[in-house]
Amino acid sequence: MSYITEYKKKTKNSAKLFAKSLKLHVNGVSHNIRYYEPYPFVVKSSGGKNLVDVDNNKYTDYWMGHWSLILGHAPSKVKESLKKQIEKSWMYGTVNEQTILLSELISKAVPVAEKIRYVTSGTEATMYAVRLARSVTGRKIIAKIDGGWHGYTSDLLKSVNWPFTESESSGVVNEEKIVSIPYNDLEGSLQILKKHAKDLAGVIIEPVLGGAGCIPATQDYLRGIQEFVHKNKSLFILDEIVTGFRFRYGCLYPTMKLDPDIVTLGKIVGGGMAIGVMCGKKEIMEYSNTVGKKKSERSYVGGGTFSANPSSMTTGYATLSVLKNGKSIYSKINNLGEYARKELSKSFDGKVIVTGKGSLFMTHFVKDGITEVTNATQASMCDVKALRDYHFKMIAHDGIFFLPGKLGAISNAHEKSDIKKMIQ
Ligand SMILES: Cc1ncc(COP(=O)(O)O)c(C=O)c1O
């Protein structure tokens, strides 16, 4: 029996529901990457490491809410906090204490977060970071990485998917104001940055390239870019939406001795509820203070009906509190990730390269002479169809869920036995 047949046999209710979804939603989904062939299963509940679909199939989940659920699905401490908050109400639209509590935690753990602004998605956070960099410098060009994904803001919707030279979408204007540089290639990147130096407002980088292949940047690369950017009086923006609180209690940048001007956060710091965070050095962030300033003197940052809503602030606070008081969580999940990478590398007759860091990992099926995966181009040259097929096989046959083609995230709800089963 083919895996497609096996999948269809066990997901009959999902097929019916997804047919309805297709009538109502474009391609049946609201986030493009959630669709896969022949149709995605429909989830009815989740808990711990598991997703349960409407046919009662249980899956050990490695997608983990777009990698946001570091404690697993619906962990009890976060759930209890949210329940208490919901008893009081879930939306105020005003200043609330929950926000202050979360910010106190973030500012202590992330030294550069001298000032903070909340939004409801990572996309909004990076959109604002770009606007702020342009305002502060009075320049227009933003450089990003080939393969870098910072959400769907038009300001950064360029060179996301291979081939990086094509426009990602119609409807995006001023694409010439976004320039793209090669990851982990300092010389190649500096050459491009130098060409645009005069009008370069800032560079935005993920310290571990997430969507484009789960590839850590080298410290030398990031420090080299930062040095150029600061000498050029541009801003160094680190997008830690995936990496923030993922490997340690705080951001990745201090471990690499970096000095970013703006850091964006999201995912984990929202504890599973909608969030985006832009934070950074006081003098830069204060540029977005609107009080008593002319329009020309400020950066207009800070909107969003649901910004800093008490529900997201509560789940974020509860999640960070658990992580703060349970630092062994990081050694546990980082070790499990190390184990997964080591063991997976030995599988598939050595025809794979497994990238990642800490609790994040991704299996690349090598072809066409690829011997390393240190940037998005090499990741795209690997057999991405084989990766999707491998993930789909695990969904259909083994009760293991990776979003086909995407990196895996280990949570505190996973155990070594889960990783062993996945490797088998
Ligand atoms: C590095 C990075 N930045 C920004 C975003 C966008 O965040 P959101 O999906 O919350 O808008 C993502 C989402 O995956 C991301 O991985």
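As a reminder, the structure under discussion sits directly above these lines.
The notes below deal with the structure included here. Each chain carries its own residue numbering, running from 1 in the direction its sequence is written. Local features in this predicted model are restricted to residues whose pLDDT is 70 or higher, and side-chain atom pairs enter the listing and the counts only when it is 80 or higher, whereas totals over whole chains, interfaces and linings include all residues. Side-chain calculation: all heavy atoms of the structure are included, whereas hydrogens and water are not.

**A closer look at the packing of aromatic side chains**
Centre-to-centre distance and the angle between the planes together describe a pair of aromatic rings.
Reasoning step 1: Pairs were defined over the aromatic rings of Phe, Tyr and Trp, the Trp ring being its six-membered one, requiring ring centres within 6.5 Å. Orientation was assigned from the angle between planes: stacked under 30 degrees, edge-to-face over 60, tilted for the rest. In the structure shown here, the tally under the stated rule is 18 aromatic pairs.
Reasoning step 2: Look at phenylalanine 18 and tyrosine 35: their rings are 6.0 Å apart centre to centre, the planes differ by 35°, and that puts the pair in the tilted class. One end of the pair, phenylalanine 18, is in helix 2 (residues 12–24); the other, tyrosine 35, is in the loop between helix 2 and strand 1 (43–47), and 17 residues separate them in sequence.
Reasoning step 3: Relative accessibility thresholds used throughout: buried, under 20% of the residue-type maximum; exposed, over 50%; partly exposed, between the two (1.4 Å probe, protein chains only). Note on tyrosine 35: relative accessible area 21%, which makes it partly exposed.
Reasoning step 4: Plain terms: the ring middles of phenylalanine 365 and tyrosine 390 are 5.6 Å apart, the flat faces sit at 70° to each other, and that makes the pair edge-to-face. Taken together, the residues span a long stretch of sequence, with phenylalanine 365 in strand 14 (residues 360–365) and tyrosine 390 in helix 13 (residues 384–398) at a distance of 25 residues.
Reasoning step 5: The exposure class assigned to phenylalanine 365 is buried, which follows from its relative accessible area of 12%.
Reasoning step 6: Accessibility expressed as a relative area gives 13% for tyrosine 390, which makes it buried.
Reasoning step 7: Here a set of aromatic residues connected by ring pairs shows up, and it is made of Tyr7, Tyr36, Tyr39, Phe41, Tyr59, Phe392 and Phe401. We count a stretch as a helix when DSSP gives it H or I for four or more residues in a row; a strand needs E for two or more, and each element gets its number in order from the N terminus.

**Some points on the site of the ligand**
Reasoning step 1: The criterion for a residue being near a molecule or strand is simple. One of its heavy atoms has to lie within 4 Å of it. Contacts to the ligand come from Ser121, Gly122, Thr123, Trp149, His150, Gly151, Tyr152, Glu206, Asp239, Ile241, Val242 and Lys267.
Reasoning step 2: Counting of polar contacts relies on pairs of N or O atoms within 3.5 Å, with two restrictions inside protein: one atom must be capable of donating a hydrogen and the other of accepting it, and residues adjacent in sequence are counted only when both atoms are side-chain atoms. Here an oxygen atom of the ligand and a side-chain polar atom of threonine 123 are 2.5 Å apart.
Reasoning step 3: The separation between a nitrogen atom of the ligand and a polar side-chain atom of aspartate 239 is 2.7 Å.
Reasoning step 4: Residue burial considers only the protein chains on display, and all accessible areas are found by Shrake-Rupley using a 1.4 Å probe. Compared with its free state, where it exposes 390 Å², the ligand has 88% of that area covered by protein.
Reasoning step 5: Put simply, Ala, Val, Leu, Ile, Met, Phe, Trp, Tyr, Cys and Pro go in the nonpolar bin, Asp, Glu, Lys and Arg in the charged bin, and everything else, Gly too, in the polar bin. A breakdown of the residues in the shell around the ligand according to their chemical character gives 4 nonpolar, 5 polar and 3 charged.

**Here's the deal with the packing of helix 7 (residues 186–195) against helix 8 (residues 219–231)**
Reasoning step 1: What counts as an axis is a line fitted to C-alpha atoms, over the stretch in contact for a helix, and the angles between N-to-C directions run from 0 to 180 degrees. The N-to-C vectors of helix 7 and helix 8 enclose an angle of 20°; their axes lie 10 Å apart at closest approach. Compared by their axis directions, helix 7 and helix 8 come out roughly parallel. The element helix 7 and its partner helix 8 pack so that their crossing is right-handed. Within the contact between the two elements, helix 7 uses Leu186, Ser189, Leu190, Leu193 and Lys194 and helix 8 uses Asp220, Tyr221, Gly224, Ile225 and Phe228.
Reasoning step 2: In terms of residue class, the contact of helix 7 with helix 8 is built from 6 nonpolar, 2 polar and 2 charged. To sort the angles, those under 35 degrees are grouped as roughly parallel, those over 145 as roughly antiparallel, those from 65 to 115 as roughly perpendicular, and the leftovers as oblique. Take the far helix as the reference: if the near one is turned anticlockwise from it by less than a right angle, the crossing is left-handed, and if turned clockwise, right-handed. Pairs of residues are marked as contacts when any of their non-hydrogen atoms sit within 4.5 Å.

**Quick look at the nonpolar core**
Reasoning step 1: Core analysis: the biggest nonpolar cluster contains 102 residues, and Ile205, Phe245, Leu323 and Met422 have the highest contact counts within it.
Reasoning step 2: Residue contributions to this core peak at 7 residues, all from helix 11 (residues 328–346).
Reasoning step 3: Here the limits of each domain have been adopted from an automatic or database domain assignment. A domain split of this core shows at least three residues from each of domain 1 (3–74 + 348–423) and domain 2 (76–325).
Reasoning step 4: In this structure methionine 422 touches Tyr62, Ala340, Leu344, Phe361, Tyr390, Met394, Ile400 and Phe402, once residues within four positions along its chain are discounted.
Reasoning step 5: The set of buried Ala, Val, Leu, Ile, Met, Phe, Trp, Tyr and Cys residues whose side-chain atoms join them within 4.5 Å is what this entry labels a nonpolar core. Ranked by size, the runner-up nonpolar core spans 18 residues in total, among them Ala129, Ala133, Leu156 and Ala201.

**Focus on the pairing of strand 10 (residues 235–239)**
Reasoning step 1: The buried count for strand 10 comes to 5 of 5 residues, which makes it a mostly enclosed element.
Reasoning step 2: Side-chain alternation along strand 10 places Leu235, Ile237 and Asp239 on one buried face and Phe236 and Leu238 on a second face that is also buried.
Reasoning step 3: As defined by bridge partners, strand 7 (residues 200–205) adjoins strand 10 across 4 bridges and the pair is classed as parallel. Pairing of valine 203 across the sheet is with phenylalanine 236, part of strand 10.
Reasoning step 4: DSSP calls a pair of strands paired once it identifies at least 2 bridges connecting them. Direction of pairing for strand 10 relative to strand 11 (residues 262–265): parallel, over a ladder of 3 bridges. Bridge assignment links leucine 238 to a residue of strand 11, and that residue is valine 263.

**Observations concerning the sheet that holds strand 13 (residues 352–357)**
Reasoning step 1: Read from one edge to the other, the open sheet built from 3 strands follows the order 13-14-16, with strand pairing classed as antiparallel. Each having just a single partner strand, strand 13 and strand 16 (408–409) make up the two edges of the open sheet.
Reasoning step 2: Taken together, the 2 bridges between strand 14 and strand 16 define a ladder with antiparallel strand orientation. Residue pairing across strands places leucine 360 opposite alanine 409, the latter belonging to strand 16.
Reasoning step 3: Contacting strand 13 and strand 14, helix 11 crosses the sheet at an angle of about 175° to strand 13.

**With respect to the sheet that holds strand 7**
Reasoning step 1: The sheet built from 7 strands is open, its strands ordered 4-12-11-10-7-5-6 with mixed pairing. For this open sheet the edge positions go to strand 4 (115–119) and strand 6 (178–181), each flanked by a neighbour on one side alone. If you compare each strand with its neighbour and ignore which way they point, the axes differ by 20° on average.
Reasoning step 2: As paired strands, strand 4 and strand 12 (residues 276–280) are joined by 5 bridges and run antiparallel to one another. Of the residues in strand 12, the one forming a bridge with tyrosine 118 is valine 277.

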